[in-house]
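Single-letter residue listing:
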There are 2 protein chains.
Amino acid sequence: MDSGYVTLEQVAEHAGVSLATASRVINGSTRQVSQRLRDRVTASAQELGYLANASAQTLARNSSSLVGLLVHDIADPYFSSIAAGVTRCAEEQGLVLVLGSTGRSAQKEGRVLAALRSHRAKAVILVGSRSTDEESNARLAREIEAFRRQGGRVACVSQPGLPADTVSPDNASGAAALARHLMGLGHRRFAILAGPSDLRTARERLDGFHGALSAAGLELDHNNVMHGAFTRDGGYESTRRLMTLGTDATCMFAVNDVMATGAMAALRDLGMKVPEDLSVAGFDDIPTLRDLTPALTTVRLPLEEMGEQAAGLALDADHEGDFRVVTVPGEVVARESTAPPTVR
Amino acid sequence: MDSGYVTLEQVAEHAGVSLATASRVINGSTRQVSQRLRDRVTASAQELGYLANASAQTLARNSSSLVGLLVHDIADPYFSSIAAGVTRCAEEQGLVLVLGSTGRSAQKEGRVLAALRSHRAKAVILVGSRSTDEESNARLAREIEAFRRQGGRVACVSQPGLPADTVSPDNASGAAALARHLMGLGHRRFAILAGPSDLRTARERLDGFHGALSAAGLELDHNNVMHGAFTRDGGYESTRRLMTLGTDATCMFAVNDVMATGAMAALRDLGMKVPEDLSVAGFDDIPTLRDLTPALTTVRLPLEEMGEQAAGLALDADHEGDFRVVTVPGEVVARESTAPPTVR
DNA sequence: CACGTCCCGGAAAACTCTTTCCCAGAGTAG
DNA sequence: CTACTCTGGGAAAGAGTTTTCCGGGACGTG
């Protein structure tokens, strides 16, 4: 019961070959090794219970098997769904996933990125849109460049515009399609829970929705657009505020499902019925939230697949050219939370 | 604009000191370095943009700043909540979190554990109960031992009985308290969605609930205990099965919230009203599921805190004695999904 | 003033791999 | 039969840190 480590040198000695040969057998390099020695080495490794020292390998190869995943909040089902896709993909390739939860802090993000660089991570996947603040985006772009210069690959989800491969939902089109669907039900006056005004994803969904209304000749009353946090509680708060101020809307669009969840809770607390008193629609189609009642009309995004795709982009080593952008369409899913407006 | 790396040697040269001195300054070893040299080194490091090579450090120190977190499924809100707590704690200590999603496969679990060993991870946190299968538990125990022999620390959440520090919810007491609460409402005949029969957590909750019923002189009809998957769909399926077979229960206990969610969906699809036709209670109090209607009566567990506590146990370096067990009490939260039984 | 002690700087070994370079032997073409 | 090319094995040079060990100077004591 030795408590120490078995090194490759010990394996080599046990097998009666040189260190070089042992290394070539264990990691399957380009060089050939005769079947005889090959068997001897694998048998010895097996017998001694050899486990390679990952840091030594990383040091020697100057490249590790680590892959980074940066999300804002892993407890948010939006991110955890994407994370599940990334995990699956990383595991398939025998890579080790490093999870960073940044809480939307650019500083934390920088720290994690530096740690990944310091570990010579093979790739990093940045999930979730940053602010539209030019300066912090520029800093992020620089960090990405530094990462890439060191031989790492970078992919983003939901953050187009960065110097990296990107998987991005078509927020504008999805929101526009949703708007058209809702207009088709007969709605003419909308309220929007628009999330933070400087968040790219929120902004695109708002603009897409707004654009479709305009195209149909409808105005969007400024008083009906509420900005607030991109969370369940943000949706709750914004809705209460909206209702306190009063609104003539017959339908409310929350730019993501968790905000819509908060909205429905607020309406319930206010004694309003969805969809009878007000229709509510969201965006994302978070799996865990599909069991809400009334079931939420929303725009479905294949979150897990998006995670897988991003991982695929980041790990597809032999691509060198321009940055690829995969646009993921959203699909309107009509459920019970929306209905034709009640005639008053 | 060099595309390469800055090494400590370059920093040392730039500062006009030896490699040893530079190392002592940068990582703050036990040895003293004069203020003068200290300043010179930090200035040089700053100026050159030095970033330590983590694998070289790991190799030299034989210990890394990696911490592993093993969950069954990161998309499950139970695990992602706990993960959020662990992440926070790890980040505070400047550690890098490695996420492994095992999908309840002992084999995958073994692979991730080996990877962590190979990286000389400082600690690993195993979340979620394994099966009650003796053999796979023994194998896991051996892996844990191997990990610890290499100097790593181990903590578990919800998996007592392993040779490691443990944070464990008091499943039996929580379920018993819930049972008493439901009996207090007037229920006498219960149905139970019991999850997999070989899953420790599920079993404990079932036994705790059952025990409280027995203590009150109530029988639990075997036909009213449904085993099935520990998931939303498992809950859905089990409920449909139960209803097809027919039941005299007035109240249903699902051993976790996600199963309860599936149960409520199934009841809705069958045209039954909760709680009028049947009361439903769950366990865990998953934050994302708090907005279900009717709101779910459940047993609240402080999931994020549990994650933090586990991380705390695993990272509290100067504890050497026996395995510590932190038992986390659950608190019954009465909501709308349960009500006194309707007199028929 | 001689001697021991302390403090701090540097040289070099150690950590465990990968990979380059060299070499011996076998096979092949002329 | 010579000269050349392959093939596969081994020695050794890295990769970037940490840490041990050694030594020189300052300081205090007798």
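The shown structure was predicted, so the numbers you read here are calculated from the model rather than taken from an experiment. (Residues numbered from 1 in each chain as written. Chains lettered and ligands numbered in written order. Predicted model: local features only at pLDDT ≥ 70, side-chain atom pairs only at ≥ 80, totals over all residues. Heavy atoms only, no water.)

**A look at unusual backbone geometry**
All names here are of chain A.
Step number 1: The omega angle of the peptide bond from Val-274 to Pro-275 is 5°, so this bond is cis rather than trans.
Step number 2: Even without glycine at this site, Arg-104 takes up a positive phi of about 60°.
Step number 3: Position of Arg-104 relative to the elements: it lies in the loop between β2 (96–101) and α6 (106–118).
Step number 4: On the accessibility criterion, Arg-104 (42% relative accessible area) is partly exposed.
Step number 5: Within the chain, Asp-284 stands out as a residue other than glycine whose phi angle is a positive 120°.
Step number 6: Summarising the element assignment, Asp-284 is placed in the loop between β9 (279–281) and β10 (298–300). (Helix = DSSP H or I, 4+ residues; strand = E, 2+ residues; numbered from the N terminus. Buried < 20%, exposed > 50% of the residue type's maximum accessible area, 1.4 Å probe, protein only.)

**Observations regarding the UniProt feature "domain: HTH lacI-type" (unreviewed entry) in chain A**
Step number 1: Per the UniProt record, "domain: HTH lacI-type" (unreviewed entry) is found at residues 6–61 of chain A.
Step number 2: Measuring from the first to the last C-alpha atom of residues 6–61 of chain A gives 20 Å, for a span that is 70% helix and 0% strand. (UniProt positions renumbered as here; feature names shortened; annotations may be inferred.)

**Details of the sheet that holds strand β6 (residues 190–195) of chain A**
Residues and elements named next belong to chain A.
Step number 1: The sheet built from four strands is open, its strands ordered β7-β6-β8-β9 with parallel pairing. Unpaired on one side and paired on the other, β7 (225–227) and β9 mark the two borders of the sheet. Looking at each pair of strands side by side, their axes are set apart by 15° on average, direction ignored.
Step number 2: Sheet topology note: the β6/strand β8 (residues 251–254) ladder contains four bridges and is parallel. Across the sheet, Phe-190 pairs through a bridge with Cys-251, a residue of β8. (Pairing = 2+ DSSP bridges. Axes fitted to C-alpha atoms, helices over the stretch in contact; angles between N-to-C directions.)

**Structural notes on the sheet that holds strand β6 (residues 190–195) of chain B**
All names here are of chain B.
Step number 1: Pairing within the open sheet is parallel, and its four strands lie in the order β7-β6-β8-β9. Each of the sheet's edge strands pairs with one partner strand only, and the pair in question is β7 (225–227) and β9 (279–281). Across the sheet, the axes of successive neighbouring strands diverge by a mean angle of 15°, strand direction being ignored.
Step number 2: The pairing of strand β8 (residues 251–254) with β9 spans three bridges and is classified as parallel. If you follow Cys-251 over to β9, its bridge partner there is Ser-279.
Step number 3: Docked against the sheet, helix α9 (residues 200–215) engages β6, β7 and β8, running at close to 160° with respect to β6. (Contact = heavy atoms within 4.5 Å.)

**Some details on the protein's contact with DNA strand C**
Step number 1: Within the structure, DNA strand C sits among 28 residues, and A:Leu8, A:Ser23, B:Arg24, B:Arg31 and B:Ser34 are positioned closest to it.
Step number 2: Here DNA strand C approaches the protein such that, of its atoms within 4 Å, sugar and phosphate make up 59%.
Step number 3: The separation between a base oxygen of DNA strand C and a polar side-chain atom of A:Arg24 is 3.4 Å.
Step number 4: Between DNA strand C and B:Arg24 there is a distance of 2.8 Å, counted from a base nitrogen to a side-chain nitrogen or oxygen.
Step number 5: Listing elements by their share of the surface near DNA strand C, those giving two or more residues are α2 (19–27) and α4 (54–61) of chain A together with α2 (19–27) and α4 (54–61) of chain B.
Step number 6: In terms of residue count, the dominant contributor to the surface near DNA strand C is α2(A) (five residues).
Step number 7: Taken together, the residues of the surface near DNA strand C sort by class into 14 nonpolar, nine polar and five charged. (Near = heavy atom within 4 Å. Polar contact = N/O pair within 3.5 Å; in protein donor to acceptor, adjacent residues only side chain to side chain. Nonpolar A, V, L, I, M, F, W, Y, C, P; charged D, E, K, R; others polar.)

**A short note on the domain arrangement of chain A**
Residues and elements named next belong to chain A.
Step number 1: Taken domain by domain, chain A consists of domain 1 (8–52), domain 2 (62–169 + 304–328) and domain 3 (171–301).
Step number 2: The distance between the C-alpha centroids of domain 2 and domain 3 comes to 29 Å.
Step number 3: Counting from both sides, the interface comprises 14 residues of domain 2 and, opposite them, 13 residues of domain 3.
Step number 4: Each partner contributes to the roughly 1200 Å² buried at the junction of domain 2 and domain 3, and carbon and sulfur atoms together form 58% of this total.
Step number 5: Linking domain 2 with domain 3 are two residue pairs in polar contact (both at pLDDT 80 or more).
Step number 6: If you tally residues by element for the side of domain 2 that touches domain 3, the top one is helix α5 (residues 77–92), at three residues.
Step number 7: Of the residues contributing to the side of domain 2 that touches domain 3, the split by class is five nonpolar, six polar and three charged. (Domains from an automatic or database assignment. Buried area = accessible area lost by both parts, 1.4 Å probe.)

**Digging into the protein's contact with DNA strand D**
Step number 1: Around DNA strand D, the structure places 29 residues, and the nearest of them are A:Thr21, A:Arg31, A:Ser34, B:Leu8 and B:Ser23.
Step number 2: The protein-proximal atoms of DNA strand D, defined as those within 4 Å of the protein, are 56% sugar or phosphate.
Step number 3: For DNA strand D, a phosphate oxygen lies 2.6 Å from a polar atom in the backbone of B:Leu8.

**Details of the packing of α5(A) against helix α12 (residues 303–315) of chain A**
All names here are of chain A.
Step number 1: In the contact formed by α5 and α12, the axes pass within 7 Å of each other and the chain directions differ by 45°. It follows from the interaxial angle that α5 and α12 lie oblique. Of the two elements, α5 crosses α12, and the hand of that crossing is right-handed. Residues Tyr-78, Ser-81, Ile-82, Ala-84, Gly-85, Val-86, Arg-88 and Cys-89 of α5 pack against Leu-303, Glu-304, Gly-307, Glu-308, Ala-311 and Gly-312 of α12.
Step number 2: Its residues assigned to classes, the contact of α5 with α12 comprises seven nonpolar, four polar and three charged. (Parallel < 35°, antiparallel > 145°, perpendicular 65-115°, else oblique. Left-handed = near helix turned anticlockwise from the far one by under 90°.)

**Section: the relation of the copies chain A and chain B**
Each of the two copies of the chain can be brought onto the other by a rotation about an axis and a shift along it.
Step number 1: Expressed as a screw operation, the relation of chain A to chain B combines 0.0 Å of axial shift with a rotation of 180°, fitting to an RMSD of 0.1 Å. Considering both components of the superposition, the chain copies are consistent with a two-fold axis.
Step number 2: In this assembly the copies share their binding face: 100% of the residues contributing to the interface of chain A also contribute to that of chain B. (Least-squares fit on C-alpha atoms with pLDDT ≥ 70 in both.)

**Some remarks on the packing of α4(A) against α4(B)**
Step number 1: Closest axis-to-axis distance for the α4(A)/α4(B) pair is 8 Å, and the angle between their directions is 135°. The angle between α4(A) and α4(B) places the two elements in the oblique class. The crossing of α4(A) and α4(B) is left-handed. Of the residues in α4(B), those in contact with A:Ser55, A:Ala56, A:Thr58 and A:Leu59 of α4(A) are B:Ser55, B:Ala56, B:Thr58 and B:Leu59.
Step number 2: For the contact of α4(A) with α4(B), the per-class residue count stands at four nonpolar, four polar and no charged.

**Brief notes about the pattern of salt bridges**
Step number 1: For the structure on display, the rule yields 32 salt bridges over all chains.
Step number 2: For B:Arg205, the salt bridge identified is with B:Asp284, shortest N-O distance 3.1 Å. With a gap of 79 residues between them, B:Arg205 in helix α9 and B:Asp284 in the loop between β9 and β10 (298–300) connect regions that are remote in the sequence. Residues B:Arg205 and B:Asp284 agree in their burial class; the two are buried.
Step number 3: A salt bridge links B:Asp285 to B:Arg335, with the nearest nitrogen and oxygen atoms 3.1 Å apart. Here B:Asp285, found in the loop between β9 and β10, pairs with B:Arg335, found in the segment after β12 (331–333); they are 50 residues apart in sequence, far enough to count as distant.
Step number 4: Because the salt bridges share partners, they merge into one network encompassing A:Arg153, A:Asp165, A:Asp316 and A:Arg324. (Salt bridge = Lys/Arg side-chain N within 4 Å of Asp/Glu carboxyl O.)

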